[in-house]
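Survey of secondary and tertiary structure
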Amino acid sequence: MKFNWFHLMPYRWLPDNFRERYHGVWVDLPNALYDPERGHTLYNEYLDMLEYADQLGYDAVGVNEHHQNGYGMMPSPNLMAAALARRTSKAMILVLGNSIALYNPPTRVAEEFAMLDVISGGRLIAGFPVGTPMDVNYCYGQNPATLREKYREAHDLIIKAWAEREPFAWNGKYTKLRYVNLWPQPIQKPHPPVWIPGLGSIETWDFCAERGYNYSYLSFTGYKRAKKVVDGYWERMAALGKEANPYSCAFFQQICISDTDAACEREWWPHVDYFFNRCLHLYPGMTAPPGYMTEASIRAGVAAQAGNTSMNLGTNKSWKELVEGGYIIAGSPATIRQQVEELAHSLRCGHLGLGLHMGSAPIELTNRSTYLFATEVMPHLRSLWSEWEDHWWPKALPEARREKPGSHNAAVKAQVERPMEVTA
Amino acid sequence: MNTPRSQILNLGANRPSVEVLEAGEGAPLLFLHGAGGIAAWEGALPLLSANYHVYAPLLPGFGQSTGLQYLEDQFDLFLHGFDVMEALGLERPFVVGESLGGWMAAEMAALRPKEIGRLALAAPVGLWRDEAPVVDLFGKMVHELIPYLFHNQSCPAAQRMMMLTMLFSDKDDRTQEQVEILIAMSRGFRTAAKFLFPIPEHGLEHRLWRIAAPTLVVWGEQDRFVSPIYAEIFREKIPNAEVVKIPGTGHLIGLESPEPYAEALLRWERDQH
């Protein structure tokens, strides 16, 4: 099993009266609430957390894309990934991902992902989300009725741009390019592994199966509530005749670790509360623009009568309710170990995305969690699914062939900094 | 009250299939509905069909009309309007369009000026001024739209709409019939979004000078959805246009003030002869 340390990078300084004062955390939240100097600290602190995860042996460090919000401060995850490419050396870099329908032309994503793959020595995992309605429709103005068609076209163009070795013309409906000729090319051939984040639509499962992509179920409502959706995924894979390889599936889970179960609530509750009640304070008028969901998905969602609407994200819940409902896994390393194992077997997922930072958590708490998980939990669960091959993992250059940042300066330092030759 | 007949127009392979509601006798009147479709033959529709032969085609996604995928952009939409007119055998009809339908009617009249006899635009979208942004139809909870759509929120039409919005709550206790209503509404909104999202403006203003049809622009004085300031722009830019403002009325003029609205259309149309 693999463990991917994933950061959402929330803004940690939303005011206490946030829920009462503002209708949502996204799209039209006044940016007067953002203090760039605090932002400077946060970016650097958050990157430190990711670098620490690399040092402790997590399999990947992850970032993602969101716009105009206090929930995740990465309008460009590629900038974060570029910083990580230089400051990490072992972990893979999971960009989950770029909302490819937003880029004009989409070859921009092919270029930047290729750059990241080349800089990092082939450590990139390329995520292609459709993107949330808040991001793609309300912030970036994409038409919800045509978004998925545009997304598919962007995907096809990017994959072709990575594969072709001769310039080609692309006459699409949304993008027309006379010359597509990608420089640079990614190190990984034919291209970096592609992961598709989704929320349980059958169309996305079929797309992943058909293309051989990893399906990443990104839910904030935890593994217990995810069971129904992920079971649906495996049933669909079986129906399509695909092997039930656990590594084809990734799941994101928020986890809080302290030395003891009792300490956990005391230490983490304020930050968990901040996450569920400020970061996930979504205005319902901007979560479901007409056409964003296919009619089949609406019908499934409405008819399932499972309380599984997009609004049911764990707001206004107590610590006990969140823990018992599996929204978060919280407690001592022993508790975490037992529940993560239960999660893995229950969902049959080979890739666990770890939300080890939550809401307003400071670095001392987060890094302690990162440390305890790496030393007390990971070693016990490593061998899970070892009988399966992970086809969705980067084929990076061997470590010996990867560049060490700064090594070129070091190699020539003495020569460069020699005394001036004095001419007579 | 006269009830409409419903027929399905099959426009051919790989083209939309269109439900047309039809009622009344007399000169043809082509009615182009707004983003809410035609939920019932109510408001101004029965009043108009007492004087005209009203044809009310439904856009793909509304009622039994299908084939939105064949209308790829707004010009497909306008040409689709002409296809329907032709299939119905209407020559230079009186075209009445409300909101989304008003935009479509104005664009059609600018595109093929000789084919539209008369034009009435009821609070059409299609223009944009930064100082009076058209309300975001797609960025609000449905019940929150009601104060923007009606001046008098206790009028029967506003009350009925409020009842409908209950279906959009996140409670999962809907009956199968309610689920179907909800899905049907989502389908219609999807069509509206395809042409209006995120800003309902696609260059109509610089085409308005082409409109040859005598035009009546009708606006609710208290329209909070599309500001009445746009009425003046339509009057200024369309060569032969008059404006009538209906007092005590919001955006959905036909539902909130059907009598004064229908009377204004009839009086204006009579005066044209």
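Residues numbered from 1 in each chain as written. Chains lettered and ligands numbered in written order. Predicted model: local features only at pLDDT ≥ 70, side-chain atom pairs only at ≥ 80, totals over all residues. Heavy atoms only, no water.

**As for the overall build of chain B**
Test applied: Only DSSP runs of H or I reaching four residues or more are called helices, and only runs of E reaching two or more are called strands; each is numbered from the N terminus. To get the radius of gyration, use the C-alpha atoms; to get the globule rule, take the number of residues to the power 0.38 and multiply by 2.2 Å. Accessible area is worked out with a 1.4 Å probe on protein chains only. A residue is then buried under 20% of its type maximum, exposed over 50%, and partly exposed in between. Contacts are assigned to residue pairs with any non-hydrogen atoms lying within 4.5 Å of each other. All accessible areas in this document rest on Shrake-Rupley with a 1.4 Å probe, and a residue is counted as covered only by the protein chains that are shown.
On a plain count of helices and strands, chain B comes out with nine helices and eight strands. Relative to its length of 273 residues, chain B is compact, with a C-alpha radius of gyration of 17 Å against a globular reference of 19 Å. The principal-axis extents of the C-alpha atoms in chain B amount to approximately 55 × 45 × 35 Å. Looking at the 273 residues of chain B, the share that counts as buried comes to 57%. For chain B, restricting intrachain contacts to residue pairs at least 6 apart in sequence, the fraction spanning at least 24 positions comes to 72%. For chain B, the exposed area adds up to about 11,600 Å²; of that, 51% sits on carbon and sulfur atoms.

**Remarks on the pairing of strand 6 (residues 118–122) of chain B**
Residue and element names in this part refer to chain B. Selection rule: Any two strands with at least two DSSP bridges between them are considered paired. The crossover handedness rule: strands pointing away from the viewer, path from first strand over the helix to second strand clockwise, crossover right-handed.
Across the five residues of strand 6, five count as buried, placing the element largely inside the fold. The side-chain alternation of strand 6 yields two buried faces, one formed by Arg118, Ala120 and Ala122 and the other by Leu119 and Leu121. Pairing between strand 5 (residues 94–98) and strand 6: five bridges, direction parallel. In the strand pairing of strand 6, Val95 is matched with Leu119. Remark: the strand 5/helix 3 (residues 100–111)/strand 6 crossover connection has right-handed handedness. Here four bridges tie strand 6 to strand 7 (residues 215–220), and the two strands are oriented parallel to one another.

**Section: the packing of aromatic side chains**
All names here are of chain B. Basically, it comes down to this: Aromatic pairs are defined between Phe, Tyr and Trp rings, using the six-membered ring for Trp, whenever the two ring centres lie within 6.5 Å; interplanar angles under 30 degrees are classed as stacked, those over 60 as edge-to-face, and all others as tilted.
Under the definition given, this model contains 29 aromatic pairs over all chains. Their ring planes at 65 degrees and their centres at 5.6 Å tell us that Tyr52 and Phe94 sit as a pair that is edge-to-face. Of this pair, Tyr52 sits in the loop between helix 1 (44–49) and strand 4 (53–57) while Phe94 sits in strand 5, and the two are 42 residues apart along the sequence. Both rings, one in Phe78 and one in Trp103, keep their centres 5.2 Å apart while their planes meet at 80 degrees; by these two values the pair is edge-to-face. Here Trp103 lies in helix 3 and Phe78 lies in helix 2 (residues 74–87), a separation of 25 residues in the sequence. Of the two residues, Phe78 and Trp103, both sit in the buried class.

**Focus: the side chain of Ser99 of chain B**
Residue and element names in this part refer to chain B. To be explicit about the condition: N or O atoms within 3.5 Å of each other form a polar contact, as long as, within protein, one can give a hydrogen and the other can take it, and as long as residues adjacent in sequence are counted only when both atoms are side-chain atoms.
Its place among the elements puts Ser99 in the loop between strand 5 and helix 3. Polar contacts involving the side chain of Ser99 include one to the side chain of His251, which spans 2.8 Å. Residue contacts for Ser99: discarding those within four places in its chain leaves Gly34, Ala122, Ala123, Pro124, Val125 and His251.

**Concerning the interface of chain A and chain B**
Formally: Once two parts are joined, some of their accessible surface, as seen by a 1.4 Å probe, is lost; buried area is that loss totalled over both. Just to be clear on terms, a salt bridge is a Lys or Arg side-chain nitrogen sitting within 4 Å of an Asp or Glu carboxyl oxygen.
Each side of the interface is counted separately: chain A has 25 residues, and chain B has 23 residues. In total, about 2,000 Å² of surface goes out of reach between chain A and chain B, with carbon and sulfur atoms giving 58% of it. Between the two partners, chain A and chain B, sit two salt bridges. Its salt-bridge partner being Glu295 of chain A, residue Arg187 of chain B comes within 2.8 Å of it at the nearest N-O pair. At the junction of chain A and chain B, the tally comes to nine residue pairs in polar contact (both at pLDDT 80 or more).

**Looking at the nonpolar core**
Heads up, the condition is: In plain words, nonpolar cores are sets of buried Ala, Val, Leu, Ile, Met, Phe, Trp, Tyr and Cys residues tied together by side-chain atoms within 4.5 Å.
One finds Phe3, Tyr58, Phe128, Trp162, Ile255 and Phe373 of chain A to be the most contacted residues of the largest nonpolar core, which totals 227 residues. Excluding residues within four positions of it along the chain, Trp162 of chain A makes contact with Ala110, Phe113, Ala114, Ala126, Phe128, Leu182, Gln185, Pro186, Pro190, His191 and Pro192 of chain A.

**Some points on helix 3 of chain B**
Residues and elements named next belong to chain B. Note the cut-off: One less than the residue count of a helix, multiplied by 1.5 Å, gives the span that helix is expected to have.
Taking 1.5 Å of rise per residue, twelve residues should cover 16 Å, and helix 3 covers 17 Å from first to last C-alpha, within 8% of that figure. Of all twelve residues making up helix 3, eleven are buried, and the element is well covered by its neighbours. What helix 3 keeps buried is the set Leu100, Gly101, Gly102, Trp103, Met104, Ala105, Ala106, Glu107, Met108, Ala109 and Ala110. Contact partners of the buried residues in helix 3: strand 3 (28–32), helix 2, strand 5, strand 6 and helix 6 (176–196).

**A word on the pattern of salt bridges**
Residues and elements named next belong to chain B. Counted according to the given criterion, the structure contains 26 salt bridges over all chains. Put simply, Asp83 and Arg15 hold a salt bridge, and the shortest N to O gap is 3.2 Å. With a gap of 68 residues between them, Asp83 in helix 2 and Arg15 in the loop between strand 1 (5–10) and strand 2 (17–23) connect regions that are remote in the sequence. The partly exposed category is assigned to Arg15, whose relative accessible area is 36%.

Bear in mind that shape data such as this cannot, by itself, settle questions of function.
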